[in-house]
Amino acid sequence: MERERIVLKPKEDLRLRAGHPWVYDNEIAHVEGNPAGGSEVEVLDSRRHLVGVAFFNPASKIRARIYSRAPRSADLGFFVEALERALAWRRRFFDPARASLRLVFGEADGLPGLIVDSFVGSAEGGAPAGRGRWLSAQFLSLGVDSRKALILEALGRVFPSEGIMERSDAPVRAFEGLQPAVGVLAGTVPPSVLIEENGLSFAVDMAGGQKTGWFLDQRSNRTAAARFAR
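Predicted model only: the values in this text are computed from it and were never measured. (Residues numbered from 1 in each chain as written. Predicted model: local features only at pLDDT ≥ 70, side-chain atom pairs only at ≥ 80, totals over all residues. Heavy atoms only, no water.)

> So what exactly am I meant to see when it comes to the overall build of the protein here?
Within the protein, the secondary structure is distributed over five helices and 13 strands. If you line up the protein on its principal axes, its C-alpha atoms span 60 × 40 × 30 Å. In the protein, which comprises 230 residues, the share counted as buried stands at 49%. Long-range pairs, those at least 24 residues apart, make up 56% of the contacts in the protein between residues at least 6 apart in sequence. Here the protein has roughly 11400 Å² of accessible surface; of this, 55% comes from carbon and sulfur atoms. Within the protein, one finds 31 positive and 28 negative side-chain charges whose respective centroids are separated by 5 Å. (Helix = DSSP H or I, 4+ residues; strand = E, 2+ residues; numbered from the N terminus. Buried < 20%, exposed > 50% of the residue type's maximum accessible area, 1.4 Å probe, protein only. Contact = heavy atoms within 4.5 Å. Areas by Shrake-Rupley, 256 points an atom, 1.4 Å probe, with all protein chains shown as cover. Lys, Arg positive; Asp, Glu negative; His and termini not counted. Charge placed at Lys NZ, Arg CZ, Asp CG, Glu CD.)

> What am I meant to see in the sheet that holds strand 6 (residues 62–68) here?
Strands in a sheet are paired, the pairing made by backbone hydrogen bonds, and the direction either parallel or antiparallel. Here six strands make up an open sheet; going across it, the order is 2-6-5-4-1-3 and the pairing mixed. Sheet topology places strand 2 (22–24) and strand 3 (28–32) at the edges, where each strand pairs with a single neighbour. Between one strand and the next, the sheet's axes are offset by a mean angle of 35 degrees, whatever the strand orientation. Sheet topology note: the strand 5 (residues 50–56)/strand 6 ladder contains four bridges and is antiparallel. What sits directly across from phenylalanine 55, in strand 6, is arginine 65. (Pairing = 2+ DSSP bridges. Axes fitted to C-alpha atoms, helices over the stretch in contact; angles between N-to-C directions.)

> Any chance you could explain the pairing of strand 10 (residues 163–168) here in plain terms?
Most of strand 10 is tucked away, with six of its six residues classed as buried. A two-sided burial pattern is seen for strand 10, the buried positions comprising Gly163, Met165 and Arg167 on one face and Ile164, Glu166 and Ser168 on the other. The pairing of strand 10 with strand 11 (residues 181–187) spans six bridges and is classified as antiparallel. Counterpart to arginine 167 in the pairing with strand 11 is valine 182.

> I would appreciate a short explanation of the confidence of the model for the protein in the present structure.
Predicted coordinates in regions of low pLDDT should not be interpreted in detail. When pLDDT is averaged along the protein, the result is 92, and 97% of the positions lie at 70 or above. The spread of mean pLDDT over the elements of the protein runs between helix 5 (residues 219–226), the lowest at 86, and strand 2, the highest at 98. (pLDDT = per-residue confidence, 0-100.)

> Just to check I follow, could you spell out the packing of helix 2 (residues 76–90) against helix 4 (residues 148–158) for this structure?
When two helices pack together, their arrangement is given by the angle between the helix axes and the distance between those axes. Two elements in contact, helix 2 and helix 4, have axes whose closest approach is 9 Å; the angle formed by their N-to-C orientations is 45 degrees. Between helix 2 and helix 4, the angle falls in the class oblique. Our pair here, helix 2 against helix 4, has a crossing hand that is right-handed. Listed contacts from helix 4 to Leu76, Phe79, Val80, Leu83, Glu84 and Leu87 of helix 2 are Leu150, Ile151, Glu153, Ala154, Leu155, Arg157 and Val158. Considered class by class, the residues forming the contact of helix 2 with helix 4 number ten nonpolar, no polar and three charged. (Parallel < 35°, antiparallel > 145°, perpendicular 65-115°, else oblique. Left-handed = near helix turned anticlockwise from the far one by under 90°. Nonpolar A, V, L, I, M, F, W, Y, C, P; charged D, E, K, R; others polar.)

> What is the right way to look at the pattern of salt bridges in this model?
Overall, the coordinates contain 22 salt bridges when judged by the stated rule. The closest approach of N and O atoms between aspartate 25 and arginine 63, which form a salt bridge, is 3.7 Å. One end of the pair, aspartate 25, is in the loop between strand 2 and strand 3; the other, arginine 63, is in strand 6, with 38 residues separating them in the sequence. Classification of aspartate 25 by relative accessible area gives partly exposed; the value is 29%. (Salt bridge = Lys/Arg side-chain N within 4 Å of Asp/Glu carboxyl O.)

> It is not clear to me how helix 2 should be interpreted in this structure. Could you clarify?
Given 3.6 residues per helical turn, the α-helix brings residues three or four places apart onto the same face. Look at helix 2: 21 Å from first C-alpha to last across 15 residues, which is about the 21 Å you get at 1.5 Å a residue. Turning to helix 2, its buried residues number three or more, namely Leu76, Phe78, Phe79, Val80, Ala82, Leu83, Ala86, Leu87 and Arg90. (Expected span 1.5 Å × (residues − 1).)

> Before we go on, may I ask you to explain the nonpolar core in this structure?
Side chains of nonpolar character tend, in soluble globular proteins, to be buried together. If you look at the biggest cluster of nonpolar residues, it comprises 28 residues, and the most contacted ones within it are Phe79, Leu103, Leu111, Leu114, Val116 and Leu155. Elements with a minimum of two residues in this core: strand 5, helix 2, strand 7 (101–105), strand 8 (114–124), strand 9 (131–139) and helix 4. Sorting elements by how many residues they give to this core places helix 2 first, with seven residues. Ignoring anything within four residues of it in the chain, the contact list for leucine 111 reads Phe78, Phe79, Ala82, Leu83, Val104 and Gly106. Judged by nonpolar contacts, the second largest core, of twelve residues, contains Val41, Ala54, Ala64 and Ile66. (Core = buried A, V, L, I, M, F, W, Y, C linked by side-chain atoms within 4.5 Å.)

> Looking at this model, I keep getting lost on the environment of asparagine 57. Mind explaining?
Topologically, asparagine 57 is positioned in the loop between strand 5 and strand 6. Sequence spacing of asparagine 57 and valine 43 is 14 residues, and the spatial spacing of their C-alpha atoms is 13 Å. Aside from chain neighbours lying at most four places away, what touches asparagine 57 is Ile62, Arg63, Leu142 and Glu176.

Below, the structure written as structure tokens:
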């Protein structure tokens, strides 16, 4: 099936070819066809050369988010491959079976608008009991939100867990025309998970903690702060 296209104004492809994944509304010369929100579109430069394929959102100032530089569909195979690449990269620095970490970091992993954090530890305050892994996911763009079922299936294949909590309550969803969404998407999720970081235990509130429940990217900063806050 032939994709619909957006054609850029002259020179508006330069930033995109340098690696930036967003196409803004004022960079588009015209749209070919009538793509629906969340659909896949080809992004062409002013000479009609392919820049990439993207998720389209006519309601957002970020009109398109590039997910691939080569022609391909965002099907189950695409999401499985993207998650496997993300996991392979993290294995260079962490043991995902033992350490809590950010599995997917949106555009940096080729999955625009998707955040997935993995919490490894012990359940507290209810079932399921014992040690395990729970995921916290944010769907922050229309493209990934409309493919939630595919992404959940891909996560189950690449990064199986006891449960997945959705924390799509960030204000940026409003700019995509999306309402907040919080709840359990798969399996069961306890009220809190005890994780270990730098030899200390912390309780992560999966449903009510800030963002995905814990700022995993601040691990090294907390280590540094510990030296001055005995």
